[in-house]
Amino acid sequence: MTSIVIDEPEGDTVEIGTNQDIVDIGNIITDIEGMFDDGSIQIVDLGFGNGSIEIGSDAFASIGVSDTTAGIVEVPTSSVPDNMASKVGDRPVYDVFVGGIHEFGGDLTISFTYYLQAGESGDKLSVWHFDDNGNYVSEECTYDELTHTVTFTTDNLSYFAIMHDVDPENGGFPVWAIVLIVVAVVAVAGGIGAFVFLKKKN
């Protein structure tokens, strides 16, 4: 695991970049706290090999000296709980963490590097935020085609999945599949109605 060094702030943000998935932040926590306290920064931007975590002062206040690791790790669906794997299929899943904290006292802005697949559209992406029991909420997100990043805001860290063209209110079925099901149901109902009408007429 790689330790990181603080660079000079740019504006109200200090960027701490690395190409690693997991980094040791234990050696910088006190220094970052001092920079928040004296007003020299408002945001610390932790960069990783596959994304970033932007942390404001309120959220950073939740981090203790024992929370020494941070990371964005892509997790194979074979390694996530079954009740989660059944919902995400082959979609990318990330474990995002700062120490052992789940709930923060302020918002964090999370970005994942993601390249659109054939037939995908950035405006149909969503991020599903899972808890340990496999329950999820759908987080609103934006997609930047120039930087190939999916970005969203949360105050809670856990597992996140990048989904495409799915309806979270219908168990995660793709929207096109739901439309086909509805059309099929209507067609069957119409056929049954026509059969009953003809039978009555005869």
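Figured I'd write up the structure that's included with this text. Since the model is a prediction, treat every value here as computed from it, not as a measurement.

**Re helix α1 (residues 29-37)**
For step 1, the next point in the chain: Burial in α1 covers these residues: Ile29, Ile32, Met35 and Phe36. The buried residues of α1 occupy one face: seen down the axis, they fall within an arc of 125°. Those residues of α1 that are exposed and aimed more than 90 degrees away from the buried face are Thr30 and Asp37.
For step 2, the next point in the chain: Residues of α1 that are buried sit in contact with β2 (13-16), β4 (43-48), β5 (51-56) and α2 (57-60).
For step 3, the next point in the chain: Gly39 occupies a position one or two residues after α1 and carries a positive phi of about 80°.

**Considerations on unusual backbone geometry**
For step 1, the next point in the chain: Even without glycine at this site, His148 takes up a positive phi of about 55°.
For step 2, the next point in the chain: Tracing the sequence through the fold places His148 in the loop between β11 (142-144) and β12 (149-156).
For step 3, the next point in the chain: Positive phi, normally seen in glycine, also occurs at Asp165, with a value near 55°.
For step 4, the next point in the chain: With respect to the secondary-structure elements, Asp165 resides in the loop between β13 (159-164) and α4 (175-201).
For step 5, the next point in the chain: We classify Asp165 as buried; its relative accessible area is 18%.

**Section: the side chain of Glu139**
For step 1, the next point in the chain: The residue Glu139 is located in strand β10 (residues 136-139) in this model.
For step 2, the next point in the chain: Among buried Asp, Glu, Lys and Arg side chains, Glu139 stands out as unpaired, with Lys87 the closest opposite charge at 16 Å.
For step 3, the next point in the chain: Among the polar contacts listed, one links the side chain of Glu139 to the side chain of His129, at a separation of 3.0 Å.
For step 4, the next point in the chain: Beyond its immediate stretch of four places on either side in the chain, Glu139 contacts Ser126, Val127, His129, Phe152, Thr153 and Thr154.

**A word on the nonpolar core**
For step 1, the next point in the chain: By size, the foremost hydrophobic cluster in this structure holds 39 residues, and its most contacted members are Ile32 and Ile55.
For step 2, the next point in the chain: With residues up to four places along the chain from it excluded, the contact list for Ile55 reads Phe36, Gln42, Ile43, Val44, Leu46, Phe60, Ile63, Val98 and Leu108.
For step 3, the next point in the chain: If you look at the next biggest cluster of nonpolar residues, it comprises 12 residues, including Met84, Val88, Phe130 and Tyr159.

**A word on the packing of aromatic side chains**
For step 1, the next point in the chain: For the coordinates displayed, the defined rule picks out eight aromatic pairs.
For step 2, the next point in the chain: Seen in terms of ring centroids, Phe36 and Phe60 are 5.3 Å apart; in terms of plane orientation they differ by 45°. Their pairing is tilted. Of this pair, Phe36 sits in helix α1 while Phe60 is found in helix α2, placing the two residues 24 residues apart along the sequence.
For step 3, the next point in the chain: The exposure class of Phe60 is buried, given its relative accessible area of 7%.

**Some words on the pattern of salt bridges**
For step 1, the next point in the chain: Enumeration over the complete set of coordinates arrives at one salt bridge.
For step 2, the next point in the chain: Between Arg91 and Glu120 there is a salt bridge, and its shortest N-O distance comes to 2.8 Å. Here Arg91, found in the loop between α3 (82-88) and β7 (93-98), pairs with Glu120, found in the loop between β8 (103-113) and β9 (125-130); they are 29 residues apart in sequence, far enough to count as distant. For the pair Arg91 and Glu120, a shared accessibility class is recorded, and that class is buried.

Thresholds applied
Residues numbered from 1 in each chain as written. Predicted model: local features only at pLDDT ≥ 70, side-chain atom pairs only at ≥ 80, totals over all residues. Heavy atoms only, no water. Buried < 20%, exposed > 50% of the residue type's maximum accessible area, 1.4 Å probe, protein only. Helix = DSSP H or I, 4+ residues; strand = E, 2+ residues; numbered from the N terminus. Arc of directions from axis to C-beta. Contact = heavy atoms within 4.5 Å. Lys, Arg positive; Asp, Glu negative; His and termini not counted. Salt bridge = Lys/Arg side-chain N within 4 Å of Asp/Glu carboxyl O. Polar contact = N/O pair within 3.5 Å; in protein donor to acceptor, adjacent residues only side chain to side chain. Core = buried A, V, L, I, M, F, W, Y, C linked by side-chain atoms within 4.5 Å. Phe/Tyr/Trp six-rings, centres within 6.5 Å; stacked < 30°, edge-to-face > 60°.

Note that all results are geometric; they support no functional claim without further evidence.
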